Amino acid sequence: MGEEPRRIAIIGAGPSGLFTAAALLAQGGDDLAIDIFDRLPTPFGLLRYGVAPDHASIKAVATTLARVFEAPRVRFLGLVELGRDVSAAELVAAYDAVIYAVGAADDRHLGIPGEDLPGSRSARQFVAWYSGHPDADPQPLAGVRDAVVVGVGNVAVDVARILLKDRDDLSATDMPDAVLAELRTAAVEHAWLVGRRGPEHASFTTPELRELLETPGIGVELLGCDLADIDEEALERHARANLAAIARAVDASPAEPARWLHLLFWHRPAELEGEGRVQSVTFAPTAEGGSAVTVPADLVLRSIGYRGLRLPGVPYEDGRIPNLEGRVVETDGSERPGEYAVGWIKRGPVGLIGSNKKDAAETAAHVLEDLAALPPRPLEDLDAVLAARGVRPSNLEDWRRIDLAEIDRGTIRGRERTKVEAWHDLLALVSRP
Ligand SMILES: Cc1cc2nc3c(=O)[nH]c(=O)nc-3n(C[C@H](O)[C@H](O)[C@H](O)COP(=O)(O)OP(=O)(O)OC[C@H]3O[C@@H](n4cnc5c(N)ncnc54)[C@H](O)[C@@H]3O)c2cc1C
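Please read these numbers as outputs of a predicted model, since none were measured by experiment.

## Re helix H1 (residues 15-28)
The α-helix advances 3.6 residues per turn, and as a result positions three or four apart in sequence lie on the same side. If you check H1, its first and last C-alpha atoms are 19 Å apart, about what 14 residues at 1.5 Å a residue would give, namely 20 Å. Counting buried residues in H1 gives 11 out of 14 residues, a clear majority hidden from the surface. In the stretch just after H1, Gly29 is the one whose phi turns positive, near 70°.

Following this line, the structure appears as structure tokens:
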């Protein structure tokens, strides 16, 4: 490589963006200058705003991910949104390589009558709210007794656990005060988790399922299928472990628990009903011999998958940026040299934090391979473009100030951290010369 560092922009400071920066540095040495942009003034993406607040040990991955900012030529530029503050064309003109790591910030819809009734929401919005995302809408919960979660993945398991868990057990987390107060207004007695297929097909992972099933004080009921009818021999190990966990939880259920978790399989939502707000959901059977079930519901959370948003000026296909092992291509397959994708926007909204590491290594390897083959070219100065437009990025110091403010807020309350969730509070902590 040449004497001038090659310049790389990573758009999105979530796990995949930060793993990519780390992989580039590990594979490419000191010859790179890396700018990591995010629309928020805080790094870590869904690690901060998705991973459940009571999963503190996973949240600790942030410490490892943040190490990349210690490298001398790595910058964090917060409060810069691709599509609002900067265009893809401007990035391409200013960097040798542009890597899209924007995750999946939209969700799928059920497309059934009543879906838009008040009280019917997406699990993504609910998660963003309890995680203190500054864009999250308030989630009124007063009087919620019957909650239905449509979906049987890990996100569905997370939201069901948060709804069923004793409020005192959540008060040690980093949830914003307003969220904890709102959660206390709900008195969930019945939470439903509903899957279109059987428990052997559900995508939740065993530790997460067990944690939900072992929520203190709950009873577990299984509906829509009989575990004895499932041919376990044909199943993979994790599916067998899931079935065993469900069987144990049903057997161990107290006779009159304070709260119930109902697991309904082989049913799909057909209609949400209610006068002025959701009051019940009718599920149609998806297996032969099944019958329709109507479940009372004050709250319905659809948890049927996140979905990537379209970035202006960037190819897009069915919730992802089309790519070949991270190299962006047009929807007709033609090349887009110098543009790359990584993480959920590259491969779809699946996989744990760790899955993004391998994925990042693949994208980083292609970036370096392509850079080595291309001579340096004259680049625009993006800092000047942003300044002329009045866009003033936040930096790492600003994030550290937010971090310390959250730790201070927590200390006063006897907690490790309490999130700063409002935009005006976050922006007040961002220095503006
Ligand atoms: C509810 C939930 C719970 C989860 N729990 C776990 C768990 O317990 N354990 C685990 O291992 N994994 C968990 N995961 C999975 C994990 O969060 C993902 O694998 C990972 O976050 C994906 O990383 P990413 O960088 O691709 O996307 P993201 O984490 O979404 O990061 C994308 C970043 O891009 C930024 N961005 C978006 N658009 C723009 C734009 N236009 N301009 C600038 N910046 C932009 C965003 O602000 C964000 O910071 C969970 C996921 C969800 C949804």
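## A word on the sheet that holds strand E8 (residues 190-194)
If you walk across this open sheet you meet the 6 strands as E6-E14-E7-E8-E10-E9, and the pairing is parallel. Each of the sheet's edge strands pairs with one partner strand only, and the pair in question is strand E6 (120-122) and strand E9 (218-223). Put simply, the sheet's adjacent strands are angled 20° from each other on average, direction ignored. Of the pairings in the sheet, the one linking E9 to strand E10 (residues 259-264) comprises 6 bridges and is parallel in character. Within E10, the residue paired with Glu221 across the bridge is His262. Packing against the sheet, helix H11 (residues 237-251) makes contact with E9 and E10, and its axis sits at approximately 120° to E9.

## Thoughts on the domain arrangement of the protein chain
Its domain assignment divides the protein chain into domain 1 (6-105 + 308-394) and domain 2 (108-306). Placing a centre on the C-alpha atoms of domain 1 and another on those of domain 2 gives a separation of 33 Å. The interface is formed by 7 residues belonging to domain 1 together with 13 residues belonging to domain 2. Split by residue class, the side of domain 1 that touches domain 2 holds 5 nonpolar, 1 polar and 1 charged.

## Remarks on the packing of H1 against helix H13 (residues 355-373)
Where H1 meets H13, the closest approach of the two axes is 8 Å, and the angle between their N-to-C directions is 50°. Looking at the two axes, H1 sits oblique to H13. In this structure, H1 crosses over H13, and the sense of that crossing is right-handed. In this structure, H1 uses Pro15, Ser16, Phe19, Thr20, Ala23, Leu24, Gln27 and Gly28 to contact H13, whose residues at the interface are Asn356, Lys357, Asp359, Ala360, Ala361, Thr363, Ala364, Ala365, Val367 and Leu368. Among the residues making up the contact of H1 with H13, the classes are represented as 10 nonpolar, 6 polar and 2 charged.

## Overview of the packing of helix H7 (residues 154-164) against helix H10 (residues 206-213)
Relative orientation of the contacting elements H7 and H10 amounts to 20°, with a least axis distance of 10 Å. Judged on the interaxial angle alone, H10 and H7 are roughly parallel. Taken as a pair, H7 and H10 cross one another with a handedness that is left-handed. For the pair H7 and H10, contact is made by Asn154, Val157, Ala160 and Arg161 and by Glu208, Leu209, Glu211 and Leu212, respectively.

## Some details on the environment of Leu212
Locating Leu212 in the fold gives a position in helix H10. Look at Leu212 and you get buried, because 26 C-beta atoms sit within 10 Å. As for Leu212 and Gly12, which are separated by 200 residues in sequence, their C-alpha atoms are 31 Å apart. Residues contacting Leu212, with those up to four places away along its chain left out, are Val157, Ala160 and Arg161.

## Some details on the site of the ligand
Around the ligand there are 36 residues in total, and Gly12, Gly14, Gly45, Gly103 and Gly343 lie nearest to it. Of all elements in the fold, only H1, helix H2 (45-49) and H7 reach the threshold of two or more residues within the shell around the ligand. Residues that form the shell around the ligand fall into these classes: 20 nonpolar, 12 polar and 4 charged. Two domains each provide a minimum of three residues to the shell around the ligand, namely domain 1 (6-105 + 308-394) and domain 2 (108-306).

## Notes on the pairing of strand E1 (residues 6-11)
Of all the 6 residues making up E1, 5 are buried; the element is thus mostly covered by neighbouring parts of the structure. In this sheet, strand E2 (residues 32-37) lies alongside E1 in parallel orientation, the contact comprising 6 bridges. Of the residues in E2, the one forming a bridge with Ala9 is Asp35. With respect to chirality, the unit in which E1 leads through H1 into the neighbouring parallel E2 is right-handed.

Rules used in this analysis
- Residues numbered from 1 in each chain as written.
- Predicted model: local features only at pLDDT ≥ 70, side-chain atom pairs only at ≥ 80, totals over all residues.
- Helix = DSSP H or I, 4+ residues; strand = E, 2+ residues; numbered from the N terminus.
- Expected span 1.5 Å × (residues − 1).
- Buried ≥ 20, exposed ≤ 12 C-beta atoms within 10 Å, placed from the backbone.
- Pairing = 2+ DSSP bridges.
- Axes fitted to C-alpha atoms, helices over the stretch in contact; angles between N-to-C directions.
- Contact = placed C-beta atoms within 7 Å.
- Domains from an automatic or database assignment.
- Nonpolar A, V, L, I, M, F, W, Y, C, P; charged D, E, K, R; others polar.
- Parallel < 35°, antiparallel > 145°, perpendicular 65-115°, else oblique.
- Left-handed = near helix turned anticlockwise from the far one by under 90°.
- Near = placed C-beta within 6 Å.
- Right-handed = clockwise from strand over helix to strand, strands pointing away.

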